[in-house]
Amino acid sequence: WSEVRSFTSAHPPGVPVLVSPANNALTTDYTPRLDWGNSAVPAGTAFSHYQIQVATDNAFTALIVEENISDLLSSEFTPMIDLEPNVKHYWRVRAFNTDGQYSLWSAVFNFRTAILPPTLLLPDEGITQLMTRPTFDWDNVSGASSYTIQIAISSSFAAPVASVVVTPSTYTAT
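Below you will find a few notes about this structure. (Residues numbered from 1 in each chain as written. Predicted model: local features only at pLDDT ≥ 70, side-chain atom pairs only at ≥ 80, totals over all residues. Heavy atoms only, no water.)

Side note on the side chain of threonine 45
Along the polypeptide, threonine 45 turns up in the loop between strand S3 (34–36) and strand S4 (47–55). Under the relative-accessibility criterion, threonine 45 is labelled buried at 17%. One polar contact links the side chain of threonine 45 to the main-chain carbonyl oxygen of proline 42, over a distance of 2.7 Å. Not counting residues within four places of it along the chain, the set of residues in contact with threonine 45 comprises His11, Asn97 and Asp99. (Helix = DSSP H or I, 4+ residues; strand = E, 2+ residues; numbered from the N terminus. Buried < 20%, exposed > 50% of the residue type's maximum accessible area, 1.4 Å probe, protein only. Polar contact = N/O pair within 3.5 Å; in protein donor to acceptor, adjacent residues only side chain to side chain. Contact = heavy atoms within 4.5 Å.)

Here you go:
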């Protein structure tokens with residue numbers, strides 16, 4: 001037999017499990033709360049922090065967020081900046097202990113931020129129309145291929161008078 005050697009194996013925290021937004025989700029919140037389950041910390045070690053990464057590619061070479069969160073019970077993160085609309089974002093998390101050991105990265109989830117809603121231009125808010133076929137106009141939205149305009153008598157849109165899909169950012173009632 002060879003000489004005997006000893007070593008101590010690592011005791012990294014458990015791999016975080018991502019919760020929300022759900023994988024492949026669409027969000028209209030441009031600063032979404034990213035949430036994951038708390039990691040288990042093995043006996044004899046102490047929790048140090050979570051590391052979270054958000055990127056626009058699944059290889060995480062185009063990072064837009066990389067943060068450390070030092071609270072074991074605060075397994076969530078909200079970006080301080082608005083994420084770009086109409087973009088698929090990828091995110092993952094891992095946990096560190098005070099010995100510098102870390103878990104594997106969590107599964108990678110992705111979510112897409114919705115395109116921005118159009119800004120209404122015409123008719124003006126609250127104006128009394130003297131014509132029966134007014135023109136509706138709104139700003140073009142980057143990434144939009146068409147628009148659905150709904151016209152209703154009540155703000156609940158319970159019984160729309162019209163619901164039309166149009167390609168330009170204008171519509172005149174027929």
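Things to note about the sheet that holds strand S9 (residues 120–122)
Pairing in this open sheet of 3 strands is antiparallel, and the strands run S9-S10-S13 from one edge to the other. The sheet terminates laterally at S9 and strand S13 (170–172), the two strands that pair on one side only. Put simply, the sheet's adjacent strands are angled 20° from each other on average, direction ignored. (Pairing = 2+ DSSP bridges. Axes fitted to C-alpha atoms, helices over the stretch in contact; angles between N-to-C directions.)

Points about the nonpolar core
Leu34, Trp36, Tyr50, Ile52, Phe77, Trp91 and Val93 are the most contacted members of the largest nonpolar core, which totals 17 residues. Aside from chain neighbours lying at most four places away, what touches phenylalanine 77 is Pro32, Arg33, Leu34, Trp36, Ile52, Val65, Glu67 and Ile69. (Core = buried A, V, L, I, M, F, W, Y, C linked by side-chain atoms within 4.5 Å.)

By themselves, these are just geometric observations and shouldn't be taken as functional.
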